[in-house]
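Spelled out from the first residue to the last, the chains are:
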Amino acid sequence: MSNGPTRKHTALPKAQILIEALPWLTRHNGRTVVIKFGGNAMVNEELKSAFAQDVVFLRHAGLNVVVVHGGGPQISAALDRHGIVSEFKAGLRVTTEDAMDVVRMVLAGQVQRELVGLLNQHGPLAVGLTGEDAHTITATKHRPEIDGELVDIGRVGEITAIDTGAIEALLADGRIPVVSSIARSQDDGHVYNVNADTAAAALAAALDAETLVVLTDVEGLYENWPESDEVISRLTASQLEKLLPDLSAGMVPKMEGCLHAVRNGVRTARVIDGRVQHSILLEIFTDEGIGTMVVPDEQQGESA
């Protein structure tokens, strides 16, 4: 019996960790969280597995979880295999008709399938869909402005409408919707490639989500990059808006998405480091949090 006290002693920190999660469990119960899955977490096997565990944990902790994903590296690899050159303008992939076929195939038929499979190792939870399903995401042709001129970059879409009906039905049934960032066309019968950060933000706003979480390959938004690697842990929508013109190209759609979300009813938007295992749980269920959190202007004085 001599190992009894030792066993109690080693278990105690686990109990303290669980208790620390209690107020966050209470706060988030029944709320919706939209998670944008991307970056290194998407290609590293251990991180993929940890991500799936986190999402299932959130679901069992009483949250409604929606996962949105893109698939830049996988799309580039598939285009290479098909002999189609990857070209980018204004930070967006130029998407020809041929490239769009590959984008659709990779997102809906490869990346989404793998993610649904990982989640469903834990039970009959995940259901995959694209923005085409049940008019979930509707878009029109996006023409970015480069040097004062509107440029044609093919089948890249700008979101014009969100219909949350199918997602809400799945959430009501206890499922985890996994959404590929492809949209139906508003006007020409085609489909569009849409930025996954933008899609996640638009869905978060339309679903009246509590939180938007964007996984990325950096620790968060840096205070004064590259002079400093100090991460801004919290800022308001107005503060973020002032910083947008100076951000790196890859960070712009993520932070614009966060801004759109909190300006349209989402309580907090967070950019977190997807290279850290279980970063989602750390962000949502601990006092420390990680990454950068954006809040609406009027919330500045509140704890989040």
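Conventions and cut-offs
- Residues numbered from 1 in each chain as written.
- Predicted model: local features only at pLDDT ≥ 70, side-chain atom pairs only at ≥ 80, totals over all residues.
- Heavy atoms only, no water.
- pLDDT = per-residue confidence, 0-100.
- Contact = heavy atoms within 4.5 Å.
- Salt bridge = Lys/Arg side-chain N within 4 Å of Asp/Glu carboxyl O.
- Helix = DSSP H or I, 4+ residues; strand = E, 2+ residues; numbered from the N terminus.
- Buried < 20%, exposed > 50% of the residue type's maximum accessible area, 1.4 Å probe, protein only.
- Pairing = 2+ DSSP bridges.

Caption draft 1: Focus on the confidence of the model for the protein. Across the protein, pLDDT averages 90, with 94% of residues at or above 70. Every residue in residues 300-304 scores below 50 in pLDDT, and together they form 12 contacts with partners more than four places removed in sequence or on other chains.

Caption draft 2: How the structure looks around the pattern of salt bridges. Within the structure shown, the criterion is met by 15 salt bridges. Between Glu 114 and Lys 48 there is a salt bridge; the shortest N-O distance is 2.7 Å. Taken as a pair, Glu 114 in helix H4 (residues 97-119) and Lys 48 in helix H2 (residues 45-60) lie far apart in primary sequence, 66 residues in all. Residue classification places Glu 114 among the partly exposed positions, given a relative accessible area of 35%. Residue classification places Lys 48 among the buried positions, given a relative accessible area of 6%. The salt bridge involving Asp 188 is made with Arg 155; its shortest N-O contact spans 3.3 Å. Of the two residues, Asp 188 sits in the loop between strand E10 (176-185) and strand E11 (191-193) while Arg 155 sits in the loop between strand E8 (149-150) and strand E9 (157-162), which places them 33 residues apart along the sequence. Put simply, Arg 31, Glu 210 and Arg 267 are held in one network by salt bridges that share partners.

Caption draft 3: Up close: the pairing of E10. Across the 10 residues that make up E10, a large majority, 9, are buried. When strand E2 (residues 64-69) meets E10, the two strands line up parallel, connected through 3 bridges. Following the sheet pairing, His 69 is matched in E10 by Ser 180. Note: strand E5 (residues 126-131) against E10, 6 bridges, orientation parallel. Bridge pairing in E10 links Gly 131 to Ala 183. Of the pairings in the sheet, the one linking strand E6 (residues 137-141) to E10 comprises 2 bridges and is parallel in character. From the neighbouring strand, Ala 139 faces E10, where its bridge partner is Ser 185. Between E10 and the antiparallel strand that follows it, E11, lie 5 residues; Gly 189 among them carries a positive phi value of about 75°.

Caption draft 4: Spatial organisation of unusual backbone geometry. Its identity as a non-glycine residue notwithstanding, Ala 134 has a phi of 50°, on the positive side. Take Ala 134: its relative accessible area is 49%, and that puts it in the partly exposed class. Non-glycine residue His 135 carries a positive phi angle of around 60°. You can call His 135 partly exposed: its relative accessible area is 42%.

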